[in-house]
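Commentary on secondary and tertiary structure
Okay, here's what each chain looks like letter by letter:
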Amino acid sequence: MITPTLYFLRSSEQKIATDILHYAARLDEVGKTLADFPELSIYNRYYGLSHRDIGLYTLSGTGVSGGAWIRLIAEDKGANAFIDSQTPILSIAVKPEFRSQGIGSMMLEQLLQEAGSRYEQISVSVLDNSPAMKFFEKFGFIKHDAPHKKSPVDAKPVITMLKTVSKDAVQRPNDGYNPSRWMD
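Read on for an overview of the structure.

**Details of the overall build of the protein chain**
Along its length, the protein chain carries 4 helices and 8 strands. Starting at the N terminus and ending at the C terminus, the protein chain contains elements arranged as β-α-α-β-β-β-α-β-α-β-β-β. Taken over 184 residues, the protein chain has a buried fraction of 47%. Restricting to contacts in the protein chain with at least 6 residues of sequence separation, those with at least 24 account for 69%. Carbon and sulfur atoms make up 51% of the accessible area of the protein chain, which amounts to about 9500 Å² in all.

**Observations concerning the pairing of strand 2 (residues 54–60)**
Remark: a regular strand shows side chains that alternate across the two faces of the sheet. For strand 2, the buried fraction is high: 6 of the 7 residues fall into the buried class. Two elements, strand 1 (residues 5–8) and strand 2, share 4 bridges in a ladder whose sense is antiparallel. Across the sheet, residue Thr-5 finds its bridge partner in strand 2, namely Leu-59. The pairing of strand 2 with strand 3 (residues 63–71) spans 7 bridges and is antiparallel. Within strand 3, the residue paired with Leu-56 across the bridge is Ala-68.

**Section: the layout of surface pockets**
Taken as a whole, the largest pocket spans an internal volume of roughly 980 Å³. Taken together, 35 residues form the lining of the largest pocket, with Tyr-23, Ala-24, Arg-26, Ile-92 and Ala-132 sitting closest to its centre. Contributing elements (two or more residues each) for the lining of the largest pocket: helix 1 (14–24), strand 4 (89–94), helix 3 (103–115), strand 5 (121–127) and helix 4 (131–138). Looking at the lining of the largest pocket residue by residue, the class counts come to 22 nonpolar, 10 polar and 3 charged. Quantified by volume, the second largest pocket comes out at close to 160 Å³.

**A closer look at the nonpolar core**
Residues Ile-70, Leu-90, Met-107, Leu-108, Phe-136, Phe-141 and Met-161 are the most contacted members of the largest nonpolar core, which totals 27 residues. When residues of this core are traced back to their parent elements, those giving at least two are strand 2, strand 3, strand 4, helix 3, strand 5, helix 4 and strand 8 (157–164). For this core, the element with the most residues is helix 3, which contributes 7 residues. Contacts of Leu-108, omitting those with residues within four sequence positions, involve Leu-90, Ile-92, Phe-135, Phe-136, Phe-139 and Phe-141. Ile-16, Phe-37, Trp-69 and Ala-93 belong to the second-largest nonpolar core, a separate cluster that totals 21 residues.

**Some points on helix 1**
Three or more residues of helix 1 are buried, namely Ile-16, Ala-17, Ile-20, Leu-21 and His-22. At its buried positions, helix 1 is contacted by helix 2 (27–30), strand 2, strand 3 and strand 4. Among the residues trailing helix 1, Arg-26 stands out with phi positive, at a value near 65°.

**Some remarks on the packing of aromatic side chains**
Two measures describe an aromatic ring pair: the distance that separates the ring centres and the angle between the ring planes. Within the structure shown, the criterion is met by 5 aromatic pairs. When the ring of Phe-136 is compared with that of Phe-141, the centres are 5.2 Å apart and the planes differ by 70°; the resulting orientation is edge-to-face. Members of the aromatic cluster, joined through ring pairs, are Phe-135, Phe-136, Phe-139 and Phe-141.

**What to know about unusual backbone geometry**
One non-glycine residue, Arg-26, lies in positive phi territory at about 65°. With respect to the helices and strands, Arg-26 occurs in the loop between helix 1 and helix 2. Its identity as a non-glycine residue notwithstanding, Ser-100 has a phi of 65°, on the positive side. On the secondary structure map, Ser-100 appears in the loop between strand 4 and helix 3.

**Details of the pattern of salt bridges**
If the charged atoms of two oppositely charged side chains come close together, the side chains can form a pair. Applying the stated criterion across every chain yields a total of 4 salt bridges. Residues Arg-26 and Asp-154 are paired through a salt bridge, measuring 2.9 Å at the closest nitrogen-oxygen approach. Taken together, the residues span a long stretch of sequence, with Arg-26 in the loop between helix 1 and helix 2 and Asp-154 in the loop between strand 7 (149–150) and strand 8 at a distance of 128 residues. In this structure Arg-26 comes out as buried when scored by relative accessible area, which is 13%. With relative accessibility at 26%, the residue Asp-154 sits in the partly exposed group. Within this structure, Arg-26, Glu-29 and Asp-154 form a network of salt bridges that share partners.

The rules we used
- Residues numbered from 1 in each chain as written.
- Predicted model: local features only at pLDDT ≥ 70, side-chain atom pairs only at ≥ 80, totals over all residues.
- Heavy atoms only, no water.
- Helix = DSSP H or I, 4+ residues; strand = E, 2+ residues; numbered from the N terminus.
- Buried < 20%, exposed > 50% of the residue type's maximum accessible area, 1.4 Å probe, protein only.
- Contact = heavy atoms within 4.5 Å.
- Areas by Shrake-Rupley, 256 points an atom, 1.4 Å probe, with all protein chains shown as cover.
- Pairing = 2+ DSSP bridges.
- 1 Å grid on protein atoms, 1.4 Å probe; cavity = no way out; pocket = protein on both sides within 12 Å on 5 of 7 lines; lining within 4 Å.
- Points joined across faces, edges and corners; volume = space filled by probe spheres on them.
- Nonpolar A, V, L, I, M, F, W, Y, C, P; charged D, E, K, R; others polar.
- Core = buried A, V, L, I, M, F, W, Y, C linked by side-chain atoms within 4.5 Å.
- Phe/Tyr/Trp six-rings, centres within 6.5 Å; stacked < 30°, edge-to-face > 60°.
- Salt bridge = Lys/Arg side-chain N within 4 Å of Asp/Glu carboxyl O.

Here it is, written out as structure tokens:
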């Protein structure tokens, strides 16, 4: 097993956000593409052009294995997981061939640290009663009382989960973080 390396997701790496959104939206499971669902572009279009976007991705071997980012999305865009104008929405996915290796946990752990520098909480939209709910609960996400919505991909019911983020100091390679897992 190759140990993945974390990188900050920059605005110049828009293609990575687009590629990972394909998996975050479960399009690989339904045999569709982002072109089939233009409404999903709110999650990745112009990523990084706002200083409030925060994201990272992992490389395993020679390719991108996963990505995670948060961004504020306006209420009128109709995003699932919208809470308010101060709560960013999380998009996260690991490519199928890299799942069950701890990559998603590694990414989310670091992203939650990074989020604490700018935000009080973050939200995510999850299929109701899916294994992903347990994953997010492990990181302290709880079900939010927002009205249940439907996935734009397959109309399955989704719920919003919310996490209050810690204001702990961000650890990076120069202040004790494991440099074999993080590169800038």
